[in-house]
Amino acid sequence: MVIENLRIPSGCSISGIMNKKGRVFSGNDIIQSIALMHERSNGLGGGFAAYGIYPEYRNYYAFHLFYSDKNAKEETEHFLHQHFDVVLGEKIPTRKVKSIKNPPLIWRYFLKPDSKRILMSDIHGENDYVFSCVMKINTCIKGAYVFSSGKNMGAFKGVGYPEDIGDFYRLDEYKGYIWTAHGRFPTNTPGWWGGAHPFTLLDWSVVHNGEISSYDTNRRFLEMYGYKCALQTDTEVIIYTFDYLVRKQGFPLEIAVRIAAPPFWSEIERMPEKGADLLRTLRYVYSSLLINGPFSIILGMSSGILALNDRIKLRPLTAATHADFLYVASEESAIRVICPNPDHVWAPKGGEPVMGFLENTP
Amino acid sequence: MALSLKMPEFLIKRQADTCSKCLLCVKQCANKVHYYDEKKDSVLSVDTNCVGCHRCAAVCPTRSIYILRYPLEFRRNAYWTEEAITSIYKQAESGGILLAGMGSDRDYPIYWDKMLINASQVTNPSIDPLREPMELKTFLGRRPKTVVVEEKEIKGEIPPKLELEVPIMFAAMSFGAISLNAVKSLAKAAEKEGTYFNTGEGGLHRDLYRYGNNTIVQVASGRFGVHPEYLNAGAAVEIKIGQGAKPGIGGHLPGEKVGEEVSKTRMIPLGSDAISPAPHHDIYSIEDLRQLIFSLKEAMDYKKPVGVKIAAVHNIAAIASGIARAGADFIVIDGFRGGTGAAPKRTRDNVGIPIELALAAVDSRLRDESIRNEVSLVVSGGIRNSADVVKAIALGADAVYIGTAALIALGCHMCQKCYTGKCNWGIATQDPQLTKRLDPEMGAERAANLIRAWKHEIKDMLGGMGINAVESLRGNRLMLRGIGLTDRELKILGIKAAGE
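Cut-offs applied
Residues numbered from 1 in each chain as written. Chains lettered and ligands numbered in written order. Predicted model: local features only at pLDDT ≥ 70, side-chain atom pairs only at ≥ 80, totals over all residues. Helix = DSSP H or I, 4+ residues; strand = E, 2+ residues; numbered from the N terminus. Rg over C-alpha atoms; globule rule 2.2 N^0.38 Å. Buried ≥ 20, exposed ≤ 12 C-beta atoms within 10 Å, placed from the backbone. Contact = placed C-beta atoms within 7 Å. Pairing = 2+ DSSP bridges. Axes fitted to C-alpha atoms, helices over the stretch in contact; angles between N-to-C directions. Parallel < 35°, antiparallel > 145°, perpendicular 65-115°, else oblique. Left-handed = near helix turned anticlockwise from the far one by under 90°. Nonpolar A, V, L, I, M, F, W, Y, C, P; charged D, E, K, R; others polar. Domains from an automatic or database assignment. Core = buried A, V, L, I, M, F, W, Y, C linked by C-beta atoms within 7 Å.

J.: Give a description of the overall build of chain B that names residues and reports values.
T.: From N to C terminus, chain B includes 15 helices and 23 strands. The C-alpha radius of gyration of chain B comes to 24 Å, within 12% of the 23 Å expected for a compact globule of 500 residues. Looking at chain B as a whole, 51% of its 500 residues are labelled buried. Counting only contacts in chain B whose residues sit at least 6 apart along the sequence, the fraction spanning at least 24 positions is 69%.

Quick look at the structure:
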């Protein structure tokens, strides 16, 4: 055995940066941060989510799509024209990077939902309409996959090391006020472009390090409410869980967190009755949405970010603040490489969320 | 008298050199197997009477009694088996229905044993329950579709629910079918372990009202012992439509078993037969069931959950869905291995379907209809060990009931003669000479031990899967793999094959 070649699997890496004032900055910082944790990924997946990157199209849904071939593209575009007013459809600009091989066709569209169609359907509101269109394309059109569908935000991902993916998508040329990134060490899904993180739905994006032991419990619950888990990966249930709790059930994020990573019963019993009763009821009613197993996640949305660990912190997560910036990452070094002297650095406890919200909506 | 063709099932062998002639076996056997022959000065046996309950062997101080299968070879015949032939002898002699106790003992597939449980390796750390919290707390009830939170408080009412420290309860077994000491043992054990026992259809004896917080009271077609105080004494009510051992037929407690206490508890005359009709005479349709559910809820001021128990039959998924929509807070499905004090043997052995398949079908159906979260699912009928419990929950159950396993913990030896009322272990009998053999304190200890032992095992298996709360196992079918199953069976169970 040659010791030099021995590889120790170390899971994935995640990183996130936000500017609370909504000031935009290029993708260089996040690429640098995630690149530092190169050893935590294995070149089979990397990706980024960025908010605030399409200010000129801020009122349109920005769909990013992977196509395996021209037929999938034609079929999808036909569907899009039927269901939306397509303001712009174009190839996402990329640059040649030696290590990035066999990319699919990568396109983006800026869309306005057809309001007549919404009125005629039994769907309430634009978001639900877009949600159902995304589910339809991803499950019904062979070879087409929507990997980003929010407004003024976008995901960029693929098979490769994250820093190479960032270079490939020319992220240095975009400016956003929130950036998240992921380096992947896949163990449970084949390394395909759609399987890389972040996963997104509407405004949500998630990067995730870990494995969800409760996957099938979560999935089978969510599928009762219109979600279709088509990606052969456990991460998508995280985003659907938050989408269901926040968008469909109308809970604030603090409550959604308490459902996804609730306190132990023994902790609840020690709390003052008023708070305990709330937590008891939430755990009872939404028990199928407890996300079990080791995880650290960064959830992105246009209003801010949420970083969260599983209840017993089986994955690393560090947070830091510096002036208007909030940083979260798998390792402290990934923060210090771009912010050498943060004001405050801490390791959040299991189940204890780190939340950062924009002070003014951009 | 004509020659009887009934032959013994067991052969008693006594070690003459070690037998001390203490005659304990003679005193202990209610079936009158053993007797003392003065002339020969030795203890002898009538093999034909032996039911194979092992009481004599267990009490024999010198271990001198051996109980063997009676060596009676029938000519080999794959079709006309020994069971087929001897059953005809019995019916030719009696002209009656064949009776049997406990669940079906036939060689049908056991799906529990064709499912394997997952564990974590490397990518997902397994969790050690001795070091980390491991939660088994389970609730049964109707979950609301949504919860409104204002100012950190819940707005509106959350329907009543049961809280279990462990997802295992003691199944419905009536006072009458089993002894008061047996019921007491289970009641005490339920209290100790933070779970529930079920009265069965025999009412609630006065001595048991103090265990009300751990009691589920049953309302069955005979309505024995049902009155407002009874309904309100328990923590929940269960309407019994059917049971796995005898779907579609009623029950019959012979008058000999209806002594003073049973008579009072059931509110029927002393010594009269207690007949439970096959259907409830006020339930001839699903809308009638809905009325009974809401009558009971009214009677309890909507403060306690109301469940419905049904036997696992062919169309179980649609029936369960109807029951959920009729307003039940929890549904109990009892599989064809479910035990009973007495059932017609042909019904017991041929009617109904395995609980594993029924559970999978019901859970899937309720999910297809998006109502699974609104009703709790309890399964019973042949849960033998903690692995069965884990598999049931992974298939989609919230909790399980154990009946047979609980009685075995109390000393039952599965002789299947419950209907004779001569249970030598003091369980399925009302004979005071026999019932006093079961000390409720000791029985409670043993039943509680069983629950605790299973609890440890469940925690170990959960931790192995990288799960630290039992609700994350519920319906988590990816944690199961099938072995030796057909594609069709895998599809019904909703699981992948081992290796996939």
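J.: How would you explain the overall build of chain A if you had to name every residue and give the values?
T.: Per the secondary structure count, chain A includes eleven helices and 18 strands. The C-alpha radius of gyration of chain A comes to 20 Å, within 12% of the 21 Å expected for a compact globule of 362 residues. Projecting the C-alpha coordinates of chain A onto the three principal axes gives extents of approximately 60 × 55 × 45 Å. Within the span of chain A, comprising 362 residues, buried residues form 53% of the whole. Pairs at least 24 apart in sequence give 74% of the contacts found in chain A among residues at least 6 apart.

J.: Before we move on, could you go through the sheet that holds strand β13 (residues 295–301) of chain A and cite the residues and values that matter?
T.: Residue and element names in this part refer to chain A. Sheet architecture is open: five strands sit in the order β11-β12-β13-β14-β18, paired in antiparallel fashion. Only two strands of the sheet have a single neighbouring strand rather than two, namely β11 (199–201) and β18 (354–357). Put simply, the sheet's adjacent strands are angled 15° from each other on average, direction ignored. Summarising the sheet, β11 and strand β12 (residues 204–210) pair through three bridges and their orientation is antiparallel. Residue pairing for β12: Thr-200 is matched across the bridge by Ser-205.

J.: I'd like a description of the sheet that holds strand β10 (residues 178–183) of chain A, backed by residues and values.
T.: Residue and element names in this part refer to chain A. Pairing in this open sheet of seven strands is antiparallel, and the strands run β8-β3-β10-β1-β16-β15-β17 from one edge to the other. Lying at the two open borders of the sheet, with one neighbouring strand each, are β8 (153–158) and β17 (344–346). Averaged over neighbouring strand pairs, the angle between their axes works out to 10° when direction is ignored. Summarising the sheet, strand β15 (residues 318–322) and strand β16 (residues 325–329) pair through five bridges and their orientation is antiparallel. By the bridge assignment, His-322 is partnered in β16 with Phe-325. This element, helix α1 (residues 28–36), spans β1 (13–19), β3 (46–51), β10 and β16 of the sheet and lies at about 155° to β1.

J.: How would you explain the pairing of β13 of chain A if you had to name every residue and give the values?
T.: Residues and elements named next belong to chain A. The buried fraction of β13 amounts to seven of the seven residues, a majority that puts the element mostly inside the structure. What you see with β13 is no split at all: Phe-295, Ile-297, Leu-299 and Met-301 on one side and Ser-296, Ile-298 and Gly-300 on the other are buried throughout. Examined bridge by bridge, β12 and β13 share six bridges and lie antiparallel to one another. Considered in β13, the bridge of Gly-210 is made with Phe-295. In this structure, β13 lies alongside strand β14 (residues 304–309), joined through six bridges in antiparallel fashion. Opposite Ile-297, over in β14, you have Leu-308 as the bridge partner. What sits between the antiparallel neighbours β13 and β14 is a turn of two residues.

J.: Got a sec to walk through the packing of helix α4 (residues 180–193) of chain B against helix α14 (residues 440–464) of chain B? Specific residues and values, please.
T.: Residue and element names in this part refer to chain B. Remark: α4 packs on α14, axes separated minimally by 7 Å, with the N-to-C direction vectors making an angle of 45°. Taken together, the axes of α4 and α14 are oblique relative to one another. Crossing hand, α4 versus α14: right-handed. In this structure, α4 uses Asn-181, Ala-182, Lys-184, Ser-185, Leu-186, Lys-188, Ala-189, Lys-192 and Glu-193 to contact α14, whose residues at the interface are Pro-440, Gly-443, Ala-444, Ala-447, Ala-448, Ile-451 and Arg-452. The residue makeup of the contact of α4 with α14, split by class, is eight nonpolar, three polar and five charged.

J.: An account of the domain arrangement of chain B is needed here, citing residue identities and associated values.
T.: Many analyses report the size of an interface as the accessible area lost when the parts associate. Residues and elements named next belong to chain B. In terms of domains, chain B is made up of domain 1 (10–96) and domain 2 (138–497). At the junction of the two partners, domain 1 supplies nine residues and domain 2 supplies eight residues. Here the residues of the side of domain 1 that touches domain 2 are counted per class, giving four nonpolar, four polar and one charged.

J.: So what about the pairing of strand β7 (residues 138–141) of chain B? Which residues, and what values?
T.: All names here are of chain B. Every second residue of β7 is oriented toward a common face, with Thr-138 and Leu-140 on one face and Phe-139 and Gly-141 on the other, all of them buried. Of the strand pairs in this sheet, β7 and strand β10 (residues 161–164) are connected by four bridges, and their pairing is antiparallel. Of the residues in β10, the one forming a bridge with Phe-139 is Glu-163.

J.: Before we move on, can you summarise the nonpolar core with the specific residues and values?
T.: Residues Ile-331, Ile-333 and Val-400 of chain B are the most contacted members of the largest nonpolar core, which totals 249 residues. In contact with Ile-331 of chain B, other than residues within four places in its own chain, are Gly-307, Val-308, Ala-320, Ile-323, Ala-324, Val-375 and Leu-377 of chain B.

J.: An account of the interface of chain A and chain B is requested, with residue identities and associated values reported.
T.: Residue-level contacts link 35 residues of chain A with 36 residues of chain B. Among the elements that take part in the side of chain A that touches chain B, helix α10 (residues 273–285) of chain A stands out by supplying eight residues, more than any other. Tallied by class, residues from the side of chain A that touches chain B come to 17 nonpolar, 13 polar and five charged.

J.: Describe unusual backbone geometry, and please don't skip the residues or the numbers.
T.: Of note, the bond from His-197 of chain A into Pro-198 of chain A is cis; its omega dihedral lies within 30 degrees of zero at 0°. Looking at the secondary structure, you find Pro-198 of chain A in the loop between β10 and β11. One non-glycine residue, Lys-32 of chain B, lies in the positive phi region at around 55°. Within the element layout of this structure, Lys-32 of chain B appears in the loop between α1 (24–28) and β2 (34–37). Its identity as a non-glycine residue notwithstanding, Met-414 of chain B has a phi of 60°, on the positive side. Position of Met-414 of chain B relative to the elements: it lies in the loop between α12 (404–410) and α13 (432–435).

J.: Describe the environment of Tyr-169 of chain A, listing the residues and the values that go with them.
T.: Residue and element names in this part refer to chain A. Note on placement: Tyr-169 falls in the loop between α5 (162–168) and β9 (175–176). Once the C-alpha coordinates of Tyr-169 and Arg-336 are considered, the two residues, 167 residues apart in sequence, prove to be 25 Å apart. Setting aside residues up to four positions removed in sequence, Tyr-169 forms contacts with Ile-92, Thr-94 and Phe-156.

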